[in-house]
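Given next are the chains, with one letter for each unit.
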Amino acid sequence: MALLDVFDSQLTRREASASGSAGEVLGTNPNGTVRVRMTNEGALLSVDFDRAWLAAAEHGRIALAIRDALRDAQHRSAPLPREPAGSSPAGAELRRLTEQPEVLLRKLGLIR
């Protein structure tokens, strides 16, 4: 399932990149108290905070949370290298597993 998640994430990013849209990307810090909205080109559109957290947080912690949310958004908007669909490592592994049912069953631990 983790392999499918990686492949799905890469496929979604490739589709967005291929469409050439100037869409938006959302990024959050790990605990979700800061949310940033950016264009795919990296222009900052908005920053939203959890108000209760913001009222209680120290300045340094707020700055780190903003930095983490910006990094998350930048990571989500980073263009992927151009390569044919399915040529990523996750795509190749999924293709190998689906082409040979015995390999898939072994990987899942259903046969030896």
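This text follows the structure it describes.
Residues numbered from 1 in each chain as written. Predicted model: local features only at pLDDT ≥ 70, side-chain atom pairs only at ≥ 80, totals over all residues. Heavy atoms only, no water.

K.L.:
Help me out: how do you make sense of the nonpolar core in this one?
P.N.:
What tends to happen in soluble globular proteins is that the nonpolar side chains get buried as a cluster. In this structure, Val25, Val34, Val36, Met38, Trp53, Ala57, Ile62, Ala65, Ala69 and Ala73 together form the largest nonpolar core, which totals 10 residues. The dominant element in this core, judged by the number of residues it contributes, is helix α3 (residues 59-77), at four residues. Each residue touching tryptophan 53, except ones within four places of it in the same chain, is listed here: Thr33, Val34, Arg61, Ile62 and Ala65. (Core = buried A, V, L, I, M, F, W, Y, C linked by side-chain atoms within 4.5 Å. Buried < 20%, exposed > 50% of the residue type's maximum accessible area, 1.4 Å probe, protein only. Helix = DSSP H or I, 4+ residues; strand = E, 2+ residues; numbered from the N terminus. Contact = heavy atoms within 4.5 Å.)

K.L.:
Sorry if this is basic, but what is going on with the pattern of salt bridges here?
P.N.:
If the charged atoms of two oppositely charged side chains come close together, the side chains can form a pair. Overall, the coordinates contain three salt bridges when judged by the stated rule. Close ionic contact of arginine 37 with glutamate 24 constitutes a salt bridge, the shortest N to O distance being 2.9 Å. On the criterion of sequence distance, the pair formed by arginine 37 in strand β2 (residues 34-39) and glutamate 24 in strand β1 (residues 24-28) is long-range, its members being 13 residues apart. Given the relative accessible area of 29%, arginine 37 is considered partly exposed. Taking the shortest distance from any N to any O, the salt bridge between arginine 67 and aspartate 68 comes out at 2.9 Å. Take arginine 67: its relative accessible area is 35%, and that puts it in the partly exposed class. Looking at aspartate 68, the relative accessible area reads 24%, which means it is partly exposed. (Salt bridge = Lys/Arg side-chain N within 4 Å of Asp/Glu carboxyl O.)

K.L.:
Looking at this structure, how should I read the side chain of serine 46?
P.N.:
Tracing the backbone shows serine 46 in strand β3 (residues 44-49). Discounting chain neighbours no more than four positions away, the residues touching serine 46 are Arg35, Val36 and Arg37.

Nothing here speaks to function; it is all geometry.
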